Amino acid sequence: MRALLHTHPSGRRFRAGSASLAVVVAVAGNLVLASTTSTATATATATATATRMTMPSAPVRSVSAVAGTAPAHPPVFLEDFERAPDTGSGTSIRDYVGADGARFEADDFWADRSACNGLILSSANVEEDSSDCSGFPGNHARVRALAGVLGLVNGTDPATNSAVAAYTERSGPDDAVELETTTSIPLTGGTGRFLTATVNAAATNCGDAISPALRFSLRTEDGAERPVSDAAIDPCNDDRASDHTAAGYAVRAGHFAADSSILMDDGSIGVVMRNDHGGGSGNDHAFDDLSIIDVTPTLDVELSQDTAFVGDTMRLRFVVRNTPELAAKAGWSVQTALPGGLAVATDPRVTTSCSAEVTAPASGADIAFTGDLAAGEESCTIEVDATPVARGALTVTVAGDAVRGLDLGSQPALTAIDRVAIESPASGALVESSRPISAGTGESGAGITVRDGEGHTRCETTVDPAGRWSCASSEVVESGEAVVRVEQTAAGLSSTDETTYRVIVPALAVEGTVRLEIQGADGSWVPVEGETVAADPGDRLRVIATVTNTGENALGDITLAETPDTRLTCSSEFIERGASTVCTSSEPFVLTPEALDDVSFAHAFEAVLTGYSRTSDQADTGRLPLPDAPRVSTGALHTSLGIVWRVAPLEPQGPLVRTGAEVPLSTALLISGLLLVGAVLVGAGTRQGGRVRSPLG
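Treat the numbers as computed from the prediction; the structure is a model and nothing was measured.

As for the overall build of the protein chain
In step 1: Secondary structure assignment for the protein chain yields one helix and 53 strands.
In step 2: Looking at the protein chain as shown, the accessible area adds up to about 31100 Å², and 49% of this sits on carbon and sulfur atoms.

Written as structure tokens, this is what we have:
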């Protein structure tokens, strides 16, 4: 307690102030509260007959006034003491009934109205009981003024705001209960939540020996007090307080949250506020808007990137973000598993920015940690290296039952894509091809560009749905060392692969020859010499084609094209360097006048073969075709042969009769002793044994 405020000779009480000072003036038993943002002197006057000044409408009361922020959750408990009447001399804390029937108690010293303690009043409670405040009406006015200052703090009408005041007319015990609830407060938000206390408080006479030191605890269901304050709240010396003026005295007032919290699992709690100091030299204060708030931190999960290659290492972050009051939070925990497709890296490289214990086995999916946030600490970051192990989209999700003492925040998505890889040609391989084929794996749908060692584009393609790609060089290469560089672009990421190998350009060459054979009377085949052959209708002619490999690579997969088709069948489908294969007609050509073209036989022939590698002898399959399957051809070979018919001596069976008739060119018939050849009737009545040339000859 301090002495009464001196009165100016004019009867006015005032205090010069600067920006944001509040002025409370006591005049003729009435209180007038004013505030100003002017840098000039703020003065309030009134005559003896003046009534109480009404302030402009104030905004709705705020639970939190920390830098203009509101708590993340609705208050668990809030008592603003506004159910006390604004008439009379004030209500004792023991007589007050709060929201939902809440009742309160205090140790005798802090409920002693004669010591000016435990009074719930506002600036409007101008009536004074003679026993209040040891009969000092000026002290009663000062505690009413403190209630008005707290109206400025909580944003309500300072003229009607009610608060609990303690002016400590005398000394009491230290660490006594200044206020406690006697009714339980149910916790409807669930278990595993962090709770702390906040209060609006104002103090005057801060220059005296003793300042108020308010310390909060929560009472558990078993009756134990669990403190939520490591350091007591001292409005006189707390940086969160601001300067005001009440009844001519300097006042420090503000909104204060306890600097710690409790992780509660009970279904209900009680609230206890003790004052470390019981001395009466100073320790003059009032408090309002007592609240218990949920200050559970939020867990945000982050990834250092949202798209990554399978097998890459990225940073996985768990960020525990404190609530605005920045109270200490001890004992929050997480026990979760990474989604399929993501694993802890082989070297997890675990780091923490706060006191925390982390378990993250290398190459596994399980991650667990528990930690503490110190008072004033805004966040705690726990980092672990992680690796995508399979392509696809995933979300790093932490389930609600995997955390304790934490709210769930952001949960990141990741797209893992395959990096491009060259499978062939393998590094150091020897490849025989004039247009080498590059092939490998990559991200489905990604564009692939293949370049040589000098940066020239050799081919471009797209990775197929199965994750594979291949393309052949668009240009003929030269023998020697070759470099292939492949670039893939997908989902904004570029990946490359490179290999060096040797190239042997194939040397393919082939020659072909064609000859004809005619079948003799004894069934044997006789080579046809020269450009003309004498034959009888119905004689058979076959083609003999020889294909010789004159290049440096083996040849195989022979295909034949011939006209007319004599169904050539070759002795071998695979021709070594310098060797030959012989292809013979399996359906010989039958000579008839209709089958000939102007009494000649014409045949066209071409053989096409595939080149085989010189470098890969395989015991089970033989040589392999070259990667780009180059082919070589004999080219078109043409053979022509003139045909002359032969006619055998006749043996007539009856007298010959000349008729002069003609028969078709295509017939040669023996009818009743008449031999008709072509269009000429051979001599009637004549026996002739000489050969006769067909008119076609």
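Now that the structure has been shown, we can carry on.
Here we look at the pairing of strand β25 (residues 366-373)
In step 1: Judged by which residues are buried, β25 turns out to be one-sided: Ile 367, Phe 369, Gly 371 and Leu 373 face inward and are buried, whereas Asp 366, Ala 368, Thr 370 and Asp 372, on the alternate face, are not.
In step 2: One ladder, built from five bridges, connects strand β24 (residues 355-359) with β25; its direction is antiparallel. Counterpart to Thr 359 in the pairing with β25 is Ala 368.

Topic: the state of the cysteines
In step 1: Within this structure, the stated rule accounts for five disulfides.
In step 2: Shown here is the disulfide that connects Cys 459 with Cys 471, its sulfur atoms set 2.0 Å apart. Across the S-S bond of Cys 459 and Cys 471 the torsion is about 50°, and the bridge reads as right-handed. Of this pair, Cys 459 sits in strand β35 (residues 457-462) while Cys 471 sits in strand β36 (residues 468-472), placing them twelve residues apart in sequence.
In step 3: With relative accessibility at 9%, the residue Cys 459 sits in the buried group.
In step 4: Listing the disulfide partners of the protein chain by sequence rank of the bonded cysteines yields 1-2, 3-4, 5-6, 7-8, 9-10.

What about the sheet that holds β35?
In step 1: Pairing within the open sheet is mixed, and its five strands lie in the order β32-β38-β37-β34-β35. The sheet is open, and its two borders are formed by β32 (430-432) and β35, each paired with just one other strand. The average angle at which neighbouring strand axes cross in this sheet is 35°, direction not considered.
In step 2: Here strand β34 (residues 447-452) runs beside β35; their pairing, made up of five bridges, is antiparallel. Within β35, the residue paired with Ile 448 across the bridge is Thr 461.

Brief notes about the packing of aromatic side chains
In step 1: As enumerated under the stated definition, the model contains nine aromatic pairs in all.
In step 2: Between the aromatic rings of Phe 109 and Trp 110, the centroid separation amounts to 4.8 Å while the plane-to-plane angle is 70°, which identifies the pairing as edge-to-face. Each of the two residues, Phe 109 as well as Trp 110, counts as buried.
In step 3: When the centroid spacing of 5.0 Å and the interplanar angle of 85° are considered together, the rings of Phe 574 and Tyr 612 count as edge-to-face. With Phe 574 in strand β45 (residues 574-575) and Tyr 612 in the loop between β48 (600-611) and β49 (631-633), this pair connects stretches of sequence that are 38 residues apart.

Examining the nonpolar core
In step 1: Phe 81, Ile 93, Phe 216 and Leu 218 are the most contacted members of the largest nonpolar core, which has 38 residues in total.
In step 2: Elements that contribute at least two residues to this core include exactly β7 (163-166), β8 (176-181), β10 (193-204), β11 (214-219), β15 (262-264), β16 (268-275) and β17 (284-294).
In step 3: If we ignore the near neighbours within four places in the chain, the residues touching Phe 216 are Ala 197, Val 199, Pro 227, Val 228, Ser 229, Ile 233, Val 271, Val 272, Met 273 and Leu 290.
In step 4: Counting residues in each nonpolar core, the second largest holds 33 residues, with Ile 293, Leu 394, Val 396 and Val 403 among its members.

Considering the pattern of salt bridges
In step 1: Tallied over the full model, the rule gives 36 salt bridges.
In step 2: A salt bridge links Arg 321 to Asp 300; the shortest N-O distance between them is 2.6 Å. Of the two residues, Arg 321 is situated in strand β20 (residues 314-321) and Asp 300 in strand β18 (residues 298-303); the sequence distance between them amounts to 21 residues.
In step 3: Judged by its relative accessible area of 33%, Arg 321 falls in the partly exposed class.
In step 4: Among the salt bridges present, the one from Glu 383 reaches Arg 317, with a minimum N-O distance of 3.1 Å.

Points about the environment of Ile 437
In step 1: By the secondary structure assignment, Ile 437 is in strand β33 (residues 437-441).
In step 2: Overall, the relative accessible area of 29% leaves Ile 437 in the partly exposed class.

As for helix α1 (residues 137-154)
In step 1: Helix length check: α1 (18 residues) gives 26 Å between terminal C-alpha atoms against 26 Å at 1.5 Å per residue, within 8%.
In step 2: For α1, the tally of buried residues reaches 15 of 18 residues, placing the bulk of the element in the interior.

Some words on the pairing of β33
In step 1: Where strand β31 (residues 421-424) lies against β33, three bridges are found, and the strand directions are antiparallel. Looking at the pairing, Ile 422 lines up with Gly 440 of β33.
In step 2: Examined bridge by bridge, β33 and β36 share five bridges and lie antiparallel to one another. Looking at the pairing, Gly 440 lines up with Trp 469 of β36.

Some remarks on the environment of Arg 631
In step 1: Looking at the secondary structure, you find Arg 631 in strand β49.
In step 2: In sequence terms Arg 631 and Gly 556 are 75 residues apart; their C-alpha atoms lie 9.3 Å from each other.
In step 3: The residues contacting Arg 631, other than those within four sequence positions of it, are Leu 508, Asp 557, Thr 559, Val 608, Leu 609 and Thr 610.
In step 4: At 3.3 Å, the side chain of Arg 631 and the side chain of Thr 559 are in polar contact.
In step 5: Engagement of the side chain of Arg 631 in a polar contact is seen with the side chain of Thr 610, the distance being 2.5 Å.

Thresholds, definitions, all that
Residues numbered from 1 in each chain as written. Predicted model: local features only at pLDDT ≥ 70, side-chain atom pairs only at ≥ 80, totals over all residues. Heavy atoms only, no water. Helix = DSSP H or I, 4+ residues; strand = E, 2+ residues; numbered from the N terminus. Areas by Shrake-Rupley, 256 points an atom, 1.4 Å probe, with all protein chains shown as cover. Buried < 20%, exposed > 50% of the residue type's maximum accessible area, 1.4 Å probe, protein only. Pairing = 2+ DSSP bridges. Disulfide = S-S within 2.5 Å. Axes fitted to C-alpha atoms, helices over the stretch in contact; angles between N-to-C directions. Phe/Tyr/Trp six-rings, centres within 6.5 Å; stacked < 30°, edge-to-face > 60°. Core = buried A, V, L, I, M, F, W, Y, C linked by side-chain atoms within 4.5 Å. Contact = heavy atoms within 4.5 Å. Salt bridge = Lys/Arg side-chain N within 4 Å of Asp/Glu carboxyl O. Expected span 1.5 Å × (residues − 1). Polar contact = N/O pair within 3.5 Å; in protein donor to acceptor, adjacent residues only side chain to side chain.

Remember that the coordinates give geometry; whether it matters functionally is a separate question.
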